[in-house]
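Listed below, chain by chain, are the residues.
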Amino acid sequence: MENSEHMPKNNDAGSSSVAPPAEAVPHRPPKRRVTAEAMAARQRDISVSEFFAKNRHLLGFDNPRKALLTAVKEAVDNSLDACEEGGIVPEIWVHIETTGTNRFKVGVQDNGPGIVKKQIPLIFGKLLYGSKFHRLRMSRGQQGIGISAAGMYGMLTTGKPVKIISMTSPRKPAHYFELQIDTKRNLPEIINGKGDGEDIPSGQKGNKYIADHGIEWVPELRSGTRVTIELEGRFMRGRGSVDEYLEQTAIANPHVTIHYVDPERNEKTYSRSTDQLPPEPREIKPHPYGIELGRLVTMLKDTDTSTIAQFLTESFSRVSSAVAKQICDTAKISTRSNPKRIGRQEADALYQAIQNTKISAPATDCISPIGEALILKGLHQQVPGEFFCAATRPPSVYRGNPFLIEVGLAYGGASSTQKVTLETLTELLAESDARSLRQFLLTTFDGIGPAGAEKILSEAKMSSRQTPAKLEKEDIAQLHAAMKNVNLSEGESMQVLRYANRVPLQFQAAACAITQAMIANNWRSYGLSQSRGQLPAGPVTVMVHMASVWVPFTSESKEAIASYPEVMKELRLALQAVGRKVAMYLNRRNRVRQEGERREIFLRYLGEVASAVASIKDYGDRSRKELYGRLLHVAKRKTAEADTRLDGSGKKTDSSDEDFGENVLIVTPEGDKPNV
């Protein structure tokens, strides 16, 4: 036993072999060092297309469902920008067609001014190419990535080219291209027309050519562009769907008409509520407060001006000759100095002088708000409710960039679960990838909190862990009936619609400044129930719109707004403005209800009181009726609040006083008393 510690150990109980000695293990030669020349030979340029092809999640193409929505969104946003810039009231056609398992063909057409032939391949076949990146004016697109990235995703997932047809005039030929992106060079590859595209003649000859070659085009348009992309995707309804995006787009763009055909060939039209285009934003120069030191040095090198004073007045907004002289005096630089000869230390002094000089805020005609009146129209047309209000904040500035916050609020209306039909519910259950019924209710319908989901499942007598896709017809009907019968007004969560430059933001809500400001606001003081760190509860829909020349998105996919202190402050003030209006409405409605209940109690006992007094005083029947009438008059006078009537703008019908201020809409159901 004393020699056992020198014996080899064997961990395999079924083997009696002895492990080989250590020296029997083959010796591996040390790995050869790589030389600097060999490393340099492997290095090469990476094009932006190649980078985003491997990191497409950065652009919103991280899963098939989101990819389908992103492709539609980018095409629709481009169409709206083109129509508005061309001074045309936009009309857009969106067509999604199933071409195979998890494959869809997306076609988006507009009635815009069209695109000249030379620019079509570059716009749709090259990333980071566009006209909006260097312009300081409000626009939906910013970076020149969206639509070309959607085409690149379609090419990567299906191998099919992007098809574009554009017409600039009914008397000129239309241009038709089929193209792909060369990701290594970030350049378009034109497939048709021997690499030069095809020109389609105008008139009947062109219509026949389009029909014979199967080119998709809505006829009888004087001008416009249509892009068709075949891609891998997944079509689903509910939150984060194409349907929701188009509905929210119609709210923030009441001047647009959208014709929509979904993969199941259901047709829906979102009609415009106004023919008035929003004011065209004007391009401005950068504001000195928004320029960093490195950017200032680059601008000094690239300028064509001869003096530093001329450079300051011509390169920046809100810099007059007097302000330029004040900046130069503070930096101890002559106003006649040559900008190209400014050294690094002098540039640093110039930058510090700019920060310490009082300069007026930039002009705000570079942004185009929706406007309170149109916000009310858009909300009333798409969101059910009984009380609507809106507020627009004065323009403000962050990092030298002008921006403006607008808020619209709708109170009341049926829950989204009560509006769904049995057929739609059956489709949603079949399409859902949720693992449980509880998860299905929370992720599919807006405004349902955990308490609301439990109420519905309890009413339906169903387990929260049941799989949605495995429900039978009887179970679906039972669930549908429960969704109709359960009142979710108390446990319903606020629905938040987020917008940036009129574009809906449907993902990354938790990381967005709008959601954070919504949670941080004290809604309890405005009559809504709210738990700490949560959105308030109640049948409330709030839309928040940020308009800016450069929206501070948190990523390239443009799904959330960064929490700059200036932005958070304006969001808080705008939310408080609509909060005060809804608080006035809720307080008045509560008073009307309470006074109505008091009147019912009075009326219940007035007859007995009148009879008792008449018998005590030996009044006759006629005197009893007179006494009852006098008591009834007193009861009505004491509970006069119950008779309050308001018109659609929130004014008392018997008074010209505005109780709620401007931009308020109150909906009164026909044949019923006003909801006040």
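Further up the page is the structure itself.
Bear in mind that the values here come from a model prediction, so they are computed numbers and not experimental data.

Trainee: I'm lost on the overall build of the chain in this one. Help?
Mentor: Within the chain, the secondary structure is distributed over 20 helices and 16 strands. Counting all 676 residues of the chain, 46% fall into the buried class. Pairs at least 24 residues apart make up 71% of the contacts formed inside the chain by residues separated by at least 6 positions. Approximately 34,900 Å² of the chain is accessible, and the part contributed by carbon and sulfur atoms is 49%.

Trainee: Where do I start with the nonpolar core in this structure?
Mentor: As a rule of thumb, soluble globular proteins bury nonpolar side chains together. With 45 residues, the main nonpolar core has V94 and V227 as its most contacted residues. Take this core: its biggest share by element is 8 residues, from helix α3 (residues 64-85). With residues near it in sequence (within four places) discarded, V94 still touches V72, V76, G107, V108, L246, I258, H259, Y260 and V261. Counting 40 residues, the second-largest nonpolar core is a separate cluster that includes M494, A500, A517 and V582.

Trainee: I keep staring at the pairing of strand β8 (residues 257-261) and nothing clicks. Help me out?
Mentor: The side chains of a regular strand alternate, residue by residue, between the two faces of the sheet. Taken together, the 5 bridges between strand β1 (residues 91-100) and β8 define a ladder with parallel strand orientation. Counted as the bridge partner of H95 is V261 from β8. The hairpin turn running from β8 into strand β9 (residues 267-270), its antiparallel successor, is 5 residues long, and R265 in that turn takes a positive phi close to 65°.

Trainee: I would appreciate a short explanation of empty space enclosed by the protein in the present structure.
Mentor: Regions of empty space are outlined by a rolling probe, equal in size to a water molecule, passed over the atoms. Using the criterion set out here, one finds 5 cavities of 30 Å³ or more in the structure. Lining the largest cavity are 14 residues, with T70, K73, F507, S557 and E559 positioned closest to its centre. Counting residues per element, the lining of the largest cavity draws most heavily on α3, at 5 residues. Here the second largest cavity is characterised by a volume of approximately 60 Å³.

Trainee: When you look at the side chain of S166 in this model, what are you seeing that I'm missing?
Mentor: Residue position: S166 is located in strand β3 (residues 162-167). With relative accessibility at 0%, the residue S166 sits in the buried group. Not counting residues up to four positions away in its chain, the partners in contact with S166 are G114, I115, I120, A174, H175, G224 and T225.

Trainee: Any chance you could explain the pattern of salt bridges here in plain terms?
Mentor: Pairing is possible between side chains of opposite charge, provided their charged atoms come close. A full pass over the atoms with the stated rule returns 20 salt bridges. Within the structure, one salt-bridge network assembled from shared partners comprises E97, K105, E216 and R226.

Trainee: Got a minute to help me understand the pairing of strand β7 (residues 224-232) in this structure?
Mentor: The element β7 is largely enclosed, with a buried count of 8 among its 9 residues. In this structure, strand β2 (residues 103-110) lies alongside β7, joined through 7 bridges in antiparallel fashion. Residue pairing across strands places F104 opposite L231, the latter belonging to β7. Where β3 meets β7, 5 bridges bridge the pair, whose relative direction is antiparallel. Paired with K163 across the bridge in β7 is T228.

Trainee: Where do I start with the packing of aromatic side chains in this structure?
Mentor: The geometry of an aromatic ring pair comes down to the distance between the two centres and the angle between the two planes. In this structure the tally under the stated criterion is 7 aromatic pairs. Centroid distance F61 to Y153: 5.0 Å. Interplanar angle 25°. Geometry classified as stacked. With F61 in the loop between α2 (48-54) and α3 and Y153 in helix α5 (residues 146-158), the pair connects residues that are 92 residues apart, well separated along the chain. In this pair, the class of F61 matches that of Y153, namely buried. Measuring from centroid to centroid gives 6.1 Å for W523 and Y526, while their planes differ by 70°, and the two rings are edge-to-face. The class of Y526 is buried, set by a relative accessible area of 12%.

What counts, and where the lines are drawn
- Residues numbered from 1 in each chain as written.
- Predicted model: local features only at pLDDT ≥ 70, side-chain atom pairs only at ≥ 80, totals over all residues.
- Heavy atoms only, no water.
- Helix = DSSP H or I, 4+ residues; strand = E, 2+ residues; numbered from the N terminus.
- Buried < 20%, exposed > 50% of the residue type's maximum accessible area, 1.4 Å probe, protein only.
- Contact = heavy atoms within 4.5 Å.
- Areas by Shrake-Rupley, 256 points an atom, 1.4 Å probe, with all protein chains shown as cover.
- Core = buried A, V, L, I, M, F, W, Y, C linked by side-chain atoms within 4.5 Å.
- Pairing = 2+ DSSP bridges.
- 1 Å grid on protein atoms, 1.4 Å probe; cavity = no way out; pocket = protein on both sides within 12 Å on 5 of 7 lines; lining within 4 Å.
- Points joined across faces, edges and corners; volume = space filled by probe spheres on them.
- Salt bridge = Lys/Arg side-chain N within 4 Å of Asp/Glu carboxyl O.
- Phe/Tyr/Trp six-rings, centres within 6.5 Å; stacked < 30°, edge-to-face > 60°.

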